[in-house]
Structure formats: structure tokens, C-alpha cells
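Spelled out from the first residue to the last, the chains are:
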Amino acid sequence: MSGVQRRQVFDLPETRLVSVEHRLLTCRCVCGTATAGSAPAGVTAPAQYGPGVAAVGTWLLVGHHLPVARCAQILTMLLGARVSTGWLAGQPAATAAGLVPFHERVAAAVRSSPVVHFDETGLRVAGCLRWLHVACTPLSTVYHLAETRSRAAINTMNILPALTAGQVAVHDGWSPYLMPDYQQTGHAMCNAHHLRELDGWARTHPEKCAWAGTLAQILREAWHAVKTARTTGQDHLDPNLLHALHERWQAGIDAAHHAYPPVKGIRHPVRALINRMRGLTPEIWCFTRDLRVPFDNNQAERDIRMTKIQMKISGAWRTTTG
């Protein structure tokens, strides 16, 4: 033999349902009393689909946002499980009920994280506008459906109120996040929002809003410096560099105030942006003081995006439990 060549083929084994039969014996005592055996946990009907089929169906519905009828068709074709759409539609609620202890553990993990992202979005549920709140880390996500977008909903979710000193809440400029009730923790603003606004005004009014392009450039330089520091294993930025960036930032805001002086009784979106840049400078620049803090709030937006995809497919949720 002068040599060996190998050819490997990776394929799936035959996929088929496995049926397990449980026989419950009944015994009658000489006194006339009949005693029947108990079925295993979860076995509640003479014939039913097991947790494996339910798990695959729920995963396709919730994880991949397939319509119920199409999901039933896939289970029939791939597994030979001729499930009804009614049974399949009820699986997410049944699964959610069994995940209550898991949800509590996830919430505890998020509350203990050094950096937590927050966001919210509107959803149509039961014919009304509801608000889905999210609190998350790269590994854990908590969702909370509420009737409002208010501080009361944030308190009911009980993630932000539970954070303490040393932790950082990352969010956008929605004012309830910045209420005095939540000042026991650090706050960081999403700078992706700021870059979009600054770049937008710089393009729309290039002469009067030249300062907007300057502020956007300063933020990008700071983010590049932070990424470089992380790559080289540093835990902080050079103080001289940070001081220089802050001085340029302040000069840019002064130029913005000169271009758009406040006018009593008149609210303007540019003025609102300028006021935020000045009033929330510590929160905007949090990512430069604590290198654990990200530049943006993309984590929360990614975690909340899946519900928007579901909305596009289904249009709305008919019930809060569904």
C-alpha cells in the first residue's frame, strides 16, 4: 500500500418520532378499593406530543418568528409530527409558565452586572399600544411588557431601581431614566444617537451647524482612543488626552450656543440637542472614564429588535399571554 485517501461525509441520521407507552396498572384490594398507578410528570393525556416536539415548535415560533401554520408544516415534514396549529399556538404561553424560575435567575444576573443596557419600544398588544421594556447584558436579557413608557413601568420591572453605586446604566435620552430616583447608579448615554443627530444637522445646515460636525469628530476620536486603550490592555485613557478632548468639546458647545442662542418661549430641536450636550456631558463621556462602558446602546437595540420582527410578521399580539 503506497498511501491512503480519506473521504468523509457528514449527514443527518433518519429523523423520526419515538413513541413511549406508559401503562398505568390498577389493582383492586380484597376490600373492594381500586388503586391506580400515577403517570409520569407531564403525561396528562392518552396520546400527546412530548417536550422535545414542543421545544422545537416553540423555538421555531419564538426564535425564528415563523408563522404558526408554516411551523406546523415544518414539524409535519421533518419530524412526522402532525401537530395542530391550535396546539402549536399555545406552546409559547405554556413554555413561559415553566420558565418563571429561569426568568427570576436571569433578572438577578442582570441586576448584578456592572453595566446594564436599557431601552423600550411600542408594540400593539390586545388592540392597544403597549410598551416593551428591556434590560440586558451581552449574556442575559429581561423583557417587561407595560401599559406605559413611564417611571412607574421602570419601577415595576425592578432592574434600574435595584442598581447601586459602581454599576452603570446605559440608555438613550428618555428623561425617566435620569430621574433622581435612579441617581444611586452611574449613567451612560448612547452616543450612536448623538452621532446621528450631530451628523444630520451638519449635513442639513453645513454653515450654521459646523459645530455639530466638530462635536461628532471629537466623539469619534474619543471612541477610537478607548478602543486602542482596550486593545493594548489599558484600564484608563491618558489624562492629558482626555483633558484635551474635553476642552475641545466645551469649545464646540460654546460655538453651538453662539450659533443658536436660546430664545425665550421658543423650543427648537437644535437647542434641545445643545442643551443635552452641555447638561449631560458626564453621562455622554462615561465611556472614556470607565472602559467597561460601551460607546453606544446597541446591545439593548439588538435585543429588542426581534420583537419588531415578530410585529412585522404577525402585525400584533392578540393577548398579553400570547
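First, a word on scope: everything that follows refers to the structure included in this document. (Residues numbered from 1 in each chain as written. Predicted model: local features only at pLDDT ≥ 70, side-chain atom pairs only at ≥ 80, totals over all residues. Heavy atoms only, no water.)

### Points about the overall build of the protein
(1) Moving on: Along the backbone of the protein there are 13 helices and 7 strands.
(2) Moving on: For the protein, the C-alpha radius of gyration of 28 Å lies well beyond 20 Å, the compact-globule estimate for 322 residues.
(3) Moving on: Relative to its full complement of 322 residues, the protein shows a buried share of 37%.
(4) Moving on: Taking the contacts inside the protein whose residues are at least 6 apart along the sequence as the reference set, 58% of them involve residues at least 24 apart. (Helix = DSSP H or I, 4+ residues; strand = E, 2+ residues; numbered from the N terminus. Rg over C-alpha atoms; globule rule 2.2 N^0.38 Å. Buried < 20%, exposed > 50% of the residue type's maximum accessible area, 1.4 Å probe, protein only. Contact = heavy atoms within 4.5 Å.)

### Some words on the side chain of Asn191
(1) Moving on: The residue Asn191 is located in helix 7 (residues 191-204) in this model.
(2) Moving on: Its relative accessible area of 0% is what places Asn191 among the buried residues.
(3) Moving on: Look past the residues within four positions of Asn191 in its chain and what remains in contact with it is Leu219, Ile284, Phe287, Phe295 and Asp296.

### A short note on the packing of helix 7 against helix 10 (residues 269-279)
(1) Moving on: The contact between helix 7 and helix 10 brings their axes to 12 Å, and the two run at 135 degrees. Overall, the two elements helix 7 and helix 10 adopt an arrangement that is oblique. You can see that helix 7 and helix 10 cross each other, and the crossing is left-handed. Contacts between helix 7 and helix 10 involve His194, Glu197, Leu198 and Trp201 from the first element and Pro269, Val270, Leu273, Arg276 and Met277 from the second.
(2) Moving on: Split into classes, the residues belonging to the contact of helix 7 with helix 10 amount to 6 nonpolar, 1 polar and 2 charged. (Axes fitted to C-alpha atoms, helices over the stretch in contact; angles between N-to-C directions. Parallel < 35°, antiparallel > 145°, perpendicular 65-115°, else oblique. Left-handed = near helix turned anticlockwise from the far one by under 90°. Nonpolar A, V, L, I, M, F, W, Y, C, P; charged D, E, K, R; others polar.)

### Quick look at the pairing of strand 3 (residues 115-125)
(1) Moving on: Counted residue by residue, strand 3 has 10 buried out of 11 residues, so it is predominantly covered.
(2) Moving on: Direction of pairing for strand 3 relative to strand 4 (residues 128-136): antiparallel, over a ladder of 9 bridges. The residue of strand 4 that forms the bridge with Arg124 is Leu129.
(3) Moving on: Between strand 3 and strand 4, which pair antiparallel one after the other, the connecting turn spans 2 residues, and Ala126 there sits at a positive phi close to 55 degrees. (Pairing = 2+ DSSP bridges.)

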